[in-house]
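# Descriptive structure summary
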Amino acid sequence: METWVTPFEQQPAPGDAAGSFPSPFDELGPQALARQAAEVLQAEFRAGFVAPGIPAAMLDGPEGGKMFGVLVVREPGGRIGFLRSFSGMLAGRWEVPGFVPPLFDREARERVEPAGEAVVKALLARAEELRTSPELTGLRAAHEAQQARHAAERAELRTRHEERKRRRHTLRAGLEASPEALHALDQESRGDKAEKRRMEAAHEAERRELEPRRARLERRLRALERLRWIVCRALMKRLHDTYAVPNARGERRPLRALYAPGEPPSGAADCAAPKLLAHAFTHGLRPLALAEFWWGAPPSSGGRASGAFYAACRDKCAPLLPFMLEGLRVSPPRVFAPPAAVTEGLSVVYEDAWIVVVEKPGGLLSVPAKDTSVTDSVLARLRARYPHATGPLLVHRLDLDTSGLLVAALDSRTHAALQRQFAQREIHKRYVAWVEGLVQGEEGTIDFPMRVDLDDRPRQIHDPVHGKSAVTRWRVLERRGQRTRVAFFPLTGRTHQLRVHAAHPLGLGAPIVGDRLYGHEDVRLHLHAESLSFQHPETGQHVSFERPAPF
């Protein structure tokens, strides 16, 4: 039986493969052997080859990118090599030569999936046929037109009645107490009310004529969609039952048992890591190290850069991988943490009785971390320097990795005034960055909504439905080799806004140099807040401050 092991051309020294298995959830990058194996695979992709019939260029198209994985293993005879895998399907195929197969039982899935998908597609076709039918589309259009006409008629009648009411009020004020005249005005008022009742009755009759037919078809459409949802859920359960998940002890457990009491998310056990581990256990291979990386065009939500390494996903793999690794000695996951101390001092650019402007070095937190072992921050240093200051001090923040200008207020009133200027977009900020790639165009505006990735904090993603507005103006300053120097002018202040707007295809499509979250690690993040200008809350004067980038 094919094991799909690619041996290392030069076998690692015994010490290189010793020790416990690195955690798949390690945030600080893969172990050296796993990185070496991944670089072999990436070199093949750069040469244009993924597998027979699958050129690497296919991964660069829209939605073409994919998460790949490598697992370094020791064969029973002692030789060390690596397995390769991909997340989900590749070029519409579950099985691709050279890559480990999926985890599910192929024969069992073949008995379930084709028939189930046929039913789902038939229900989808019926629902689409009804949704686009001339009868339903005509009734929907008639309903909308009727609502618009009724609203216009109500507004016109309301305006006419209000004019009559004002005229009656004027006449009553100017008339002597004439019973006949007052009676006539009262009769007119009653007539208006009767006219309104007649119109409402006519509208109701029109609605009764149209609404039951439309409602009947809408109920039928909802019933079809509900039935399709029920069938899809039942099919998904049957598909999940084709997965038997192994672990290093030789035990097997049904997939759904690992996600109790909830159902597994879509694509559970189809990620690269579980496929690799399952194949290793099935073929008597000992796992030594794992690496997963993205290759190709980023997903529509962003948050992935070609060639960058990522920890195993939390939503699908967190319930699954701990069971699979039972029987192996696994290292605890390393998580990113800010440096315990930044020796570089906090440079004071300006200070008076009300405000202080400082230049934050990269690697220093703006405010204290949740991790209580890291106490250093701009705020802590300001409180030590200005012990008599009141209020929150810092008016805004910069990311840990970003350097540049920050303004703080030494009293609560000044702090509130500056925050109002931020809220009203009256404080002007300019950032400078080097980005990876040749940016198209010379200037422009990036405008797309963002939110935090709930399954991969602190990364932010593009979400047109649930995201909040994020707007950035930009201008090219310099082009050098394969990099571009860009000035950013943020008009909103979302978390990681400039980093996401730089990296995402809807933005510049070029991650900031050194961006460990949205691009590739480097010595530092090449993003600097170089200019800050606003109206001084106390003097009313316009003040500007500037510090050039240290890169």
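Residues numbered from 1 in each chain as written. Predicted model: local features only at pLDDT ≥ 70, side-chain atom pairs only at ≥ 80, totals over all residues. Heavy atoms only, no water.

## Comments concerning the packing of helix H2 (residues 106-131) against helix H4 (residues 179-240)
- H4 packs onto H2 with a crossing angle of 165° between their chain directions and a minimal axis gap of 10 Å. In this view, H2 runs roughly antiparallel relative to H4, as classed from their interaxial angle. The handedness of the crossing between H2 and H4 is left-handed.
- In the contact of H2 with H4, the residues fall into 15 nonpolar, one polar and nine charged. (Axes fitted to C-alpha atoms, helices over the stretch in contact; angles between N-to-C directions. Helix = DSSP H or I, 4+ residues; strand = E, 2+ residues; numbered from the N terminus. Parallel < 35°, antiparallel > 145°, perpendicular 65-115°, else oblique. Left-handed = near helix turned anticlockwise from the far one by under 90°. Nonpolar A, V, L, I, M, F, W, Y, C, P; charged D, E, K, R; others polar.)

## Thoughts on a positive patch on the surface
- The grouping of Lys165, Arg190, Lys193, Arg197 and Arg198 at the surface amounts to a positive patch.
- Within the element layout of this structure, Arg190 appears in helix H4. (Patch = residues over 30% accessible without salt bridge, like charges linked within 9 Å, V, L, I, M, F, W, Y side chains within 5 Å. Areas by Shrake-Rupley, 256 points an atom, 1.4 Å probe, with all protein chains shown as cover. Salt bridge = Lys/Arg side-chain N within 4 Å of Asp/Glu carboxyl O. Lys, Arg positive; Asp, Glu negative; His and termini not counted. Charge placed at Lys NZ, Arg CZ, Asp CG, Glu CD.)

## So, unusual backbone geometry
- Note the cis peptide between Arg457 and Pro458, where omega equals 5°.
- Tracing the backbone through its elements, the reader meets Pro458 in the loop between strand S14 (450-452) and strand S15 (460-462).
- Of note, Arg425 is a non-glycine position whose phi angle comes to about 60°, a positive value.
- Relative to the helices and strands, Arg425 is located in the loop between helix H9 (412-423) and strand S12 (428-436).

## Some thoughts on the nonpolar core
- Core analysis: the biggest nonpolar cluster contains 40 residues, and Val378, Leu382, Val439, Trp474, Phe488 and Leu508 have the highest contact counts within it.
- Looking at this core, the elements that each hand over two or more residues are strand S10 (355-360), helix H8 (378-385), strand S11 (403-409), S12, strand S16 (471-480), strand S17 (483-490), helix H10 (497-503) and strand S18 (527-535).
- With near-sequence residues (within four places) excluded, Phe488 lies in contact with Lys429, Arg430, Tyr431, Ala433, Thr472, Arg473, Trp474, Leu498, Ala502 and Leu508. (Core = buried A, V, L, I, M, F, W, Y, C linked by side-chain atoms within 4.5 Å. Buried < 20%, exposed > 50% of the residue type's maximum accessible area, 1.4 Å probe, protein only. Contact = heavy atoms within 4.5 Å.)

## Some details on the sheet that holds strand S5 (residues 80-86)
- Strand order in this open sheet of four strands is S1-S5-S4-S8, and the pairing throughout is antiparallel. At either end of the open sheet lies a strand with only one pairing partner, and these are strand S1 (6-7) and strand S8 (286-295).
- As defined by bridge partners, S1 adjoins S5 across two bridges and the pair is classed as antiparallel. The residue of S5 that forms the bridge with Pro7 is Gly81.
- Along the sheet face, helix H1 (residues 32-46) touches strand S4 (66-74), S5 and S8 and points at about 40° away from the line of S8.
- Of the strands in this sheet, S4, S5 and S8 touch helix H5 (residues 272-282), which is tilted by about 135° from S5. (Pairing = 2+ DSSP bridges.)

## Structural notes on the environment of Tyr243
- Mapped onto the elements of the fold, Tyr243 is located in the loop between H4 and strand S6 (244-246).
- Judged by relative accessible area, Tyr243 falls into the buried class, the value being 4%.
- Taking the C-alpha atoms as reference points, Tyr243 and Arg109, 134 residues apart in sequence, are found 9.0 Å from one another.
- Beyond its immediate sequence surroundings of up to four residues, Tyr243 is in contact with Leu103, Phe104, Arg109, Arg253, Pro254, Leu255, Ala268, Ala269 and Asp270.
- A polar contact of 3.2 Å, which involves the side chain of Tyr243, links it to the side chain of Arg109. (Polar contact = N/O pair within 3.5 Å; in protein donor to acceptor, adjacent residues only side chain to side chain.)

## Topic: the packing of aromatic side chains
- Applying the stated criterion to the full structure yields 13 aromatic pairs.
- Consider the rings of Phe293 and Trp295, whose centres lie 6.4 Å apart with planes at 85°: the pair is edge-to-face.
- When its relative accessible area of 0% is taken as the criterion, Phe293 is described as buried.
- What makes Trp295 buried here is its relative accessible area of 10%.
- Three or more aromatic residues link up through ring pairs in this structure, and these residues are Phe45, Phe68, Phe86, Phe99, Phe293, Trp295 and Phe309.
- Lying over the aromatic face of Phe99, Arg84 brings its terminal NZ or CZ to 6.0 Å of the ring centre.
- Here the guanidinium or amino end of Lys275 rests over the ring plane of Phe86, the centre of that ring lying 4.2 Å away. (Phe/Tyr/Trp six-rings, centres within 6.5 Å; stacked < 30°, edge-to-face > 60°. Lys NZ or Arg CZ within 6 Å of the ring centre and 35° of its normal.)

## Comments concerning the packing of helix H3 (residues 134-174) against H4
- H4 packs onto H3 with a crossing angle of 170° between their chain directions and a minimal axis gap of 10 Å. Comparing the axis directions of H3 and H4 gives the class roughly antiparallel.
- For the contact of H3 with H4, the per-class residue count stands at 11 nonpolar, six polar and 22 charged.

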